[in-house]
Amino acid sequence: MADIELGLDTFGDRPLDDTGALVSHAEAIRQVVEEAVMADELGVDVIALGEHHRPEYAISTPETVLAGIATRTSRIRLASGVTVLSSDDPVRVFQRFATVDALSNGRAEVILGRGSFTESFPLFGYDLADYDVLFEEKIDLFVKLLDEQPVTWSGSVRAPLANADVYPKTDSGRLATWVGVGGSPQSVVRTAHYGLPLMLAVIGGPPERFSAHVDLYRRAAEQFGTTAHPVGMHSPGFVADTDEEAREVFWPAYREIRDRIGALRGWPPIRRAEYDAEIERGAMHVGAPETVARKIVRTVRSLGVGRFDLIYSSGAQPAGARARAVELYGAKVVPMVRDMLASREVS
């Protein structure tokens, strides 16, 4: 497992500048590009950008930002995390990511999902009552597009296609495509049915509880006769020079964004004890480099995953601290994790 892939995820949260003011959406996007360039230079495997349509987040079109990153990097893979396929058009999604793939010399990846946020549905004229059928039909079409051959398809959520060829083609002949899943067994089985890699969103509670989903994916793939790819996961976290600094810097912005979203979903305000418990026993990977590395190793071993992405931004954190977190992750955490896994060191 020493060949684990290690990445970074962000939604382009708007950080605070040196004066404590919230930066503009434009500046937040530019900061993400700089963080991706740093991650590329430090040897991080993947940068994944999530799609959101809320004021707290700057990235609504991950592929556009990824195209900018593509021209300034040489090796890091460029992924969405996730693309909300339900409220987009599969043909256009394929075309945009195939274009990023061309600009990056084959480094593009799309992670498709239904989305845990629903702002895109009314924004683009979709009915939430069609939440399930939208994704089911659109992923069916998208998988057909991956063969890069003329497609004939019909459904209820978009116009049919009759022997339609879609451009541009990728150099490799197949766009790297994952499905992001937040915990639904049906979504795990669907992913296995299509033979696509599974990306788990492990954002709360003990990561070990997702082991059943990993097992289900592998069993379903065997029954369908498809390929069970190495499973990926992403979890929130933050890296600073000391454990105390990481916890104290991450907490205020995390609490604010979590309570703001929680109020819309009927959650009570988070208490500091819950936050600390998530760091000690849950899904949060917060601390100094060695602390974070050891927890990643425990998580990776417990689930048997082949890829771990750290969601390194959460709300309005200081921009400098966030950049430092990326630096520490790439320069220290990534090599530590690889060494621990290679040596079978007990974490």
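Above this note sits the structure.
Figured I'd write up the structure that's included with this text.

Reading guide: rules and limits
Residues numbered from 1 in each chain as written. Predicted model: local features only at pLDDT ≥ 70, side-chain atom pairs only at ≥ 80, totals over all residues. Heavy atoms only, no water. Helix = DSSP H or I, 4+ residues; strand = E, 2+ residues; numbered from the N terminus. Salt bridge = Lys/Arg side-chain N within 4 Å of Asp/Glu carboxyl O. Buried < 20%, exposed > 50% of the residue type's maximum accessible area, 1.4 Å probe, protein only.

Moving on: unusual backbone geometry. Residue Val 82 is bonded to the preceding Gly 81 through a cis peptide linkage, with omega at 10 degrees. With respect to the helices and strands, Val 82 occurs in the loop between β3 (77–80) and β4 (83–84). In this chain, Tyr 167 is followed by Pro 168 through a cis amide linkage whose omega measures 5 degrees. Relative to the helices and strands, Pro 168 is located in the loop between β7 (161–164) and β8 (176–181). The residue Asn 163 is not glycine, and still its phi comes out positive at about 50 degrees.

The full count for this structure, using the stated rule, is 30 salt bridges. Between Asp 89 and Arg 158 there is a salt bridge, with its nearest N and O atoms 2.9 Å apart. Pair noted here: Asp 89 is in the loop between β4 and α3 (90–103) and Arg 158 is in the loop between β6 (151–153) and β7, with a separation of 69 residues, a long-range link. The closest approach of N and O atoms between Arg 271 and Glu 274, which form a salt bridge, is 3.3 Å. Taking relative accessible area as the criterion, Arg 271 reaches 51% and is therefore assigned exposed. In this structure Glu 274 comes out as partly exposed when scored by relative accessible area, which is 29%. Bridged by salt links that share partners, the residues Glu 5, Arg 77, Glu 109, Arg 307 and Asp 309 form one connected network.

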